[in-house]
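Chain by chain, the residues run as shown.
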Amino acid sequence: MTNLILKSLLVYSPNDEKGFYTAFSESVNIVHGRNTSGKSTLIQSVIYAMGINDSKDYLSDINNDGVFFRLDCVLKGNNEYCDLVFVRSDDTLVLKKGSEPPIRFDGINSNNSFEYGRYKNAFSKLIGFDLLLQKQSELISAPLEAALLPYYVSQSVGWVYIRESIGDYRFYKDFKFDYLDYYLGIESGYDRINKYNLEKEKKELKFELNQLEAYEDKKENFKVSKILDERFKGEAESYLEGYQCLNKGLSEKETEHTKLCNKLSMLRGRQKVLTQIIANIKNQKPKIDECPTCNQNLPGGLKEFYLYSQDINDALKEKDNIKEQIKKIAAQLNSVENAISILRSKIEKDYALLRNLKVSNITFDSWLDHNANLRMLENISTKKTSCKKRIDEIEGDIGRIGNGVDIDVLRRNKEKEFFSIFKRNVLALDAQLPKEEKYHNLYSLSSFPCQGVELHKLLMAYNFSFYEMVIKNQKIHSFPFLLDAIFKEDIDTESRGKIFNFLSHETKSSGQVVFSVAEYKGDETSSVPLFDIEAIKSQYFTSDTKLICIGDSKTKRSFLSKSAVINSGLINDTINLLEVV
């Protein structure tokens, strides 16, 4: 099991010189403040910094041009313990693991982009996430949102529906079953993925066998004399011309690739220089800053202020221009790399015979002398035997896999285990357990037949029950448990106390937990909070619990602040990571 632990979060706007910084406790973290102050923004920032795009739309208020996010974590598991740093600015993400060189990804804002695919593969491999889902007639790797789904309850839909806090899974066949099986550790029994691959291989082998048999039926008409006529010679010449044409195209693309790489390296170097220039200009304000040579205040006339502003604007404009060029070159580079890959595959597939003939110094005359027709028929017979043998083996493997009769037994056992935990949690929250059996079975549940505070408590019981089941599975990754807005606005004092008491008990045996609470009711501007957060920490939680206040806990939209105390060294280190080539 790999376990990702949050260490700190930095969000900073160089243009506005506003920021937010917090360290995290490895146990409980309580994010508090008034409604709309930015509590959800903190949780969404953590998700966004990890390269998960589902939270992008929720950050539109702060995610303006130039804003960057830095998430420092620790990754435990697989006999290793290392630091992990995510730095993201718009569609660029830099990932740094331990002392290894940072890896840069440009253009990840779309889940369908080539760069996002690169990042998804790298991150999935890092945490050991290998859930496969069926889309149409093929099995594909699950989106990154599914890696976070068991560990996140969103404010918008997480306290209403199950498995809908993050991501859209409507277009995956049997998503609920594949998702639950994966996180509950159900592997034996009906191996649907293996059976699917075997049936696909069997279908391909049968097609190949039919083609061989159809070709063999024509062997009486296949005469060596036909190879000697002018038509064959013409085809051979065409064969050579096609091979040469592809090689020429490949050489041109490789030359273009080299030029683009050089240009991209040059642009990134220029971008780094511009960043330093902008920083230097900002430290030479007329009439305020001192001359670095004589230590006297710089002239402060109207002309000097105009030139100072013009220099900053020109430098920022040039940096934006370089950024756009980098994005354009990166896209061209991906396109060229894809074209090179296609050309190489084409040459490997269609012209392997020609290369073999060249390597072996075999001519067409010597090939004819060794009776090509008989050799081909011999190869066909060998291929047919091999295909039939493999088809028999596959049918035997499919028969042993069966039709999934025993997987229902495994699922029922997990459901019994889940219901035992769920019933305990429902009782602890003083909620009403639905009587219908479908609301007791994990594989049937999608929602609960109630609303308001009662629904909220049932979903809290469900989420903690499923979380407890998931962290028992030592074969999968583990993330911090993120719960956004644990209270409904209309919650009564007694229910609030029960929820705090429940959280106090559950978090003692869980991993890292981050949850948010609103201290003031609705949009009221009253200075009297609903509860004293310091008293709540003292009464219900351990001493290492971290209280994270958004702004002054009273002001709206106060996530980014000029008064935030942020180490300048951390900001500069983050900027340097973003400029990595």
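Scope of this entry: the structure provided in the associated data block. The model shown is predicted, which means the values in this text are computed figures rather than measured ones.

We now examine the overall build of the chain. Looking only at helices and strands, one finds 16 helices and 13 strands in the chain. Within the chain, buried positions represent 45% of all 581 residues. When contacts within the chain are restricted to residue pairs at least 6 apart in sequence, long-range pairs at least 24 apart make up 71% of them. Here the chain has roughly 31,100 Å² of accessible surface; of this, 49% comes from carbon and sulfur atoms.

This paragraph deals with the sheet that holds strand E13 (residues 546-549). Taken together, 5 strands build an open sheet; the order of strands is E10-E11-E12-E3-E13 and the sheet is parallel. Two strands close off the open sheet at either side, each with one partner strand: strand E10 (152-153) and E13. Where E10 and strand E11 (residues 481-483) come together, 2 bridges link them in parallel fashion. Its bridge partner lying in E11, Tyr152 is registered against Leu482. Taken strand by strand, helix H15 (residues 533-540) contacts strand E3 (28-33), strand E12 (513-518) and E13, and its axis lies near 160° from that of E13.

Looking now at the pattern of salt bridges. Per the stated rule, a full pass over the model turns up 23 salt bridges. Between Glu80 and Lys97 there is a salt bridge, and its shortest N-O distance comes to 3.5 Å. With Glu80 in strand E5 (residues 80-89) and Lys97 in strand E6 (residues 92-97), the pair connects residues that are 17 residues apart, well separated along the chain. Salt-bridge contacts for Arg268 lead to Asp106; the nearest nitrogen and oxygen are separated by 2.4 Å. A residue pair is termed long-range when its members are at least 10 positions apart, and Arg268 in helix H7 (residues 230-282) and Asp106 in strand E7 (residues 103-106) qualify at 162 residues.

This part takes up unusual backbone geometry. Residue Thr36 is not a glycine yet carries a positive backbone phi of 65°. Despite not being glycine, Asp174 has its phi angle at roughly 55°, a positive value. Its place among the elements puts Asp174 in the loop between E10 and helix H4 (175-184).

Turning next to helix H16 (residues 568-578). Buried within H16 we find Leu570, Ile571, Thr574, Leu577 and Leu578. Seen along its axis, H16 keeps its buried residues to an arc of 125°; they face one direction. For H16, the secondary structure elements touched by its buried residues are strand E1 (3-13), strand E2 (18-23), strand E4 (68-77), E5, E6 and E7. Near the N-terminus of H16, the side chain that reaches the backbone nitrogen of Gly569, with its oxygen 2.6 Å away, is that of Asn567.

Buried residues dominate H4, accounting for 8 of its 10 residues. The set of residues buried in H4 consists of Phe175, Asp178, Tyr179, Leu180, Asp181, Tyr182, Tyr183 and Leu184. Of the residues trailing H4, Gly185 is marked for its positive phi of about 80°.

As a packed pair, H4 and helix H13 (residues 452-471) sit with axes 8 Å apart at the nearest point and diverge in direction by 55°. When the interaxial angle is binned, H4 and H13 end up oblique. The segment H4 lies against H13, with Tyr179, Leu180, Tyr183 and Leu184 engaging Phe466, Met469 and Val470. For the contact of H4 with H13, the per-class residue count stands at 7 nonpolar, no polar and no charged.

Attention now goes to the environment of Ile347. With respect to the secondary-structure elements, Ile347 resides in helix H8 (residues 302-350). In this structure Ile347 comes out as buried when scored by relative accessible area, which is 7%.

Together, Asp430, Asp490, Asp492 and Glu494 make up a region of like negative charge exposed at the surface. Along the chain, Asp430 turns up in the loop between helix H12 (407-428) and H13.

Within a beta sheet, neighbouring strands are joined by backbone hydrogen bonds and run either parallel or antiparallel to one another. Pairing is antiparallel in the open sheet, where 6 strands are placed in the order E2-E1-E4-E5-E6-E7. The open sheet terminates on both sides in strands that have one partner only, identified here as E2 and E7. Pairs of neighbouring strands in the sheet enclose a mean axial angle of 15°, with direction left out of account. Judged from the 4 bridges that link them, E6 and E7 form a sheet pairing that is antiparallel. Along E7, the bridge assignment pairs Val94 with Arg104. Contacting E1, E2, E4, E5, E6 and E7, H16 runs over the sheet at an angle of about 85° to E4.

Looking now at the environment of Ile407. Following the sequence through the fold, Ile407 ends up in helix H12. C-alpha of Ile407 to C-alpha of Asp181: the two residues are 226 residues apart in sequence and 9.6 Å apart in space.

Judged by nonpolar contacts, the single largest core of 111 residues is most densely connected at Leu42, Phe448, Phe466, Ile486 and Phe515. No other element matches the 12 residues that H13 contributes to this core. The residues touching Leu42, leaving out its near neighbours within four places in the chain, are Leu9, Phe20, Thr22, Phe24, Val31, Ile548, Ile550 and Phe559. Leu264, Leu274, Ile340 and Ile347 belong to the second largest nonpolar core, which has 15 residues in total.

With 9 of its 10 residues buried, E4 lies for the most part within the structure. As defined by bridge partners, E1 adjoins E4 across 9 bridges and the pair is classed as antiparallel. For Leu10, the partnering residue across the bridge sits in E4 and is Arg70. What sits between the antiparallel neighbours E4 and E5 is a turn of 2 residues, in which Asn78 has the positive phi angle 50°.

Turning our attention to the side chain of His477. Along the polypeptide, His477 turns up in the loop between H13 and E11. Here Ala147 takes part through its backbone oxygen, which lies 2.7 Å from a polar atom of the side chain of His477. In this structure His477 touches Thr2, Ile127, Phe129, Ala147, Tyr151 and Tyr183, once residues within four positions along its chain are discounted.

Before going further, it helps to spend a moment on the environment of Lys423. In this fold, Lys423 is placed in helix H12. Each C-alpha atom, one on Lys423 and one on Leu433, is 7.4 Å from the other, the two residues being 10 residues apart in sequence.

Side-chain positions along a regular strand alternate between the two faces of the sheet. Summarising burial for E12: 6 of the 6 residues are buried, a large majority. Side chains of E12 alternate between two faces, with Val513, Phe515 and Val517 and Val514, Ser516 and Ala518 buried alike. Note: E3 against E12, 6 bridges, orientation parallel. Looking across to E12, one finds that Asn29 is bridged to Val514. Bridge count for E11 against E12 is 3 bridges, and the pairing is parallel. Its bridge partner lying in E12, Phe481 is registered against Val513.

Definitions and cut-offs
Residues numbered from 1 in each chain as written. Predicted model: local features only at pLDDT ≥ 70, side-chain atom pairs only at ≥ 80, totals over all residues. Heavy atoms only, no water. Helix = DSSP H or I, 4+ residues; strand = E, 2+ residues; numbered from the N terminus. Buried < 20%, exposed > 50% of the residue type's maximum accessible area, 1.4 Å probe, protein only. Contact = heavy atoms within 4.5 Å. Areas by Shrake-Rupley, 256 points an atom, 1.4 Å probe, with all protein chains shown as cover. Pairing = 2+ DSSP bridges. Axes fitted to C-alpha atoms, helices over the stretch in contact; angles between N-to-C directions. Salt bridge = Lys/Arg side-chain N within 4 Å of Asp/Glu carboxyl O. Arc of directions from axis to C-beta. Polar contact = N/O pair within 3.5 Å; in protein donor to acceptor, adjacent residues only side chain to side chain. Parallel < 35°, antiparallel > 145°, perpendicular 65-115°, else oblique. Nonpolar A, V, L, I, M, F, W, Y, C, P; charged D, E, K, R; others polar. Patch = residues over 30% accessible without salt bridge, like charges linked within 9 Å, V, L, I, M, F, W, Y side chains within 5 Å. Lys, Arg positive; Asp, Glu negative; His and termini not counted. Charge placed at Lys NZ, Arg CZ, Asp CG, Glu CD. Core = buried A, V, L, I, M, F, W, Y, C linked by side-chain atoms within 4.5 Å.

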